[in-house]
Amino acid sequence: MSEILPSPRIDSAEAIAGHIDVLVGMDPRLVAVRDFAGPVQPRINPPGFAGMAKVITGQQLSVTSAAAIWGRFEQLPGALDPVRYLSLSEEAVRATGFSGGKFRTVRAIAEAMVVGQLDFAHLETLPAEEAVRYLVAHKGIGPWTAEVYLMFCAGHPDVFPAGDLALLKAVQHGLGLDARPSIKDMIGIAARWMPHRSAAALLFWRYFAVMRDREGILL
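About the cut-offs
Residues numbered from 1 in each chain as written. Predicted model: local features only at pLDDT ≥ 70, side-chain atom pairs only at ≥ 80, totals over all residues. Heavy atoms only, no water. Helix = DSSP H or I, 4+ residues; strand = E, 2+ residues; numbered from the N terminus. Rg over C-alpha atoms; globule rule 2.2 N^0.38 Å. Buried < 20%, exposed > 50% of the residue type's maximum accessible area, 1.4 Å probe, protein only. Contact = heavy atoms within 4.5 Å. Polar contact = N/O pair within 3.5 Å; in protein donor to acceptor, adjacent residues only side chain to side chain. Phe/Tyr/Trp six-rings, centres within 6.5 Å; stacked < 30°, edge-to-face > 60°.

Time to look at the overall build of the protein. Along the protein, the regular secondary structure elements total 13 helices and zero strands. What you see for the protein is a C-alpha radius of gyration of 18 Å, in line with the 17 Å of a compact globule of 219 residues. Considered along the principal axes of its C-alpha atoms, the protein spans approximately 55 × 40 × 30 Å. Going through the 219 residues of the protein one by one, you find that 47% of them count as buried.

Our focus in this paragraph is the environment of Leu-88. Mapped onto the fold, Leu-88 is located in the loop between α5 (82-85) and α6 (90-94). Measuring from C-alpha to C-alpha, the distance between Leu-88 and Ile-10 comes to 34 Å, with 78 residues separating the pair along the chain. When sequence neighbours within four positions are dropped, the list of residues in contact with Leu-88 reads Leu-76, Pro-77, Gly-78, Ala-79, Val-93, Phe-103 and Arg-107.

Along the chain, Thr-96 turns up in the loop between α6 and α7 (100-114). Thr-96 gets classed as buried once you look at its relative accessible area, which sits at 4%. One polar contact links the side chain of Thr-96 to the main-chain carbonyl oxygen of Val-93, over a distance of 2.6 Å. Among residues more than four places away in sequence, those in contact with Thr-96 are Ile-69, Arg-72, Phe-73 and Leu-76.

A full pass over the atoms with the stated rule returns eleven aromatic pairs. An angle of 15 degrees between the planes, with centres 4.6 Å apart, marks the rings of Phe-73 and Phe-98 as stacked. Of this pair, Phe-73 sits in helix α4 (residues 63-73) while Phe-98 is found in the loop between α6 and α7, placing the two residues 25 residues apart along the sequence. Under the relative-accessibility criterion, Phe-73 is labelled buried at 0%. Within the aromatic cluster, the residues linked to one another by ring pairs are Phe-49, Trp-70, Phe-73, Tyr-85, Phe-98 and Phe-103.

Another aspect to go through is the environment of Gly-51. Looking at where Gly-51 falls in the secondary structure, it is placed in helix α3 (residues 49-57). Take Gly-51: its relative accessible area is 0%, and that puts it in the buried class. Taking the C-alpha atoms as reference, Gly-51 lies 8.3 Å from Phe-152; in sequence the two are 101 residues apart. Setting aside residues up to four positions removed in sequence, Gly-51 forms contacts with Pro-46, Tyr-149 and Cys-153.

And the structure:
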């Protein structure tokens, strides 16, 4: 099978399917993973301040809890604009379910954008590793947050959040590994899937969801 060039954005089911077709040709172990997971749908959030705020909302929370908090947060007047966010009180933001730490992290991002230290448009011109370094230089943004932003808001085709617990569990089960890989091990495993690592991550997240829903394991 001839390899496709990564698309600028992983923003459709068809684009993801194309990347996964290439992946299973590169790594036959993924055939069974794809067959079990079924179709993989894109996860697209708005780029920029609103998208980063949404990623931060979901840190260390279940999908259900994060969605409920985000639903309240995005209804706050000005919450999705960096300049107007700075005028919101901590009390008002935390009333939506934000922790104090998340309030301060989003505020630091808004401040960096306002003074020109953080430019999300520039970010999308960078290779994945440089883009991660650019983001984690800002207080409150760690590797997972940076990588998830790049995948879901910038649509980057070659990112794998190796520290994500669901991915570590899914890769262990899906590849039949004796033990859950460490983050370092996971980075090495995912290197085999370059330059299609984002599609691999989406595939294993879907695999995890199916295993959880059907068999109640991997929790």
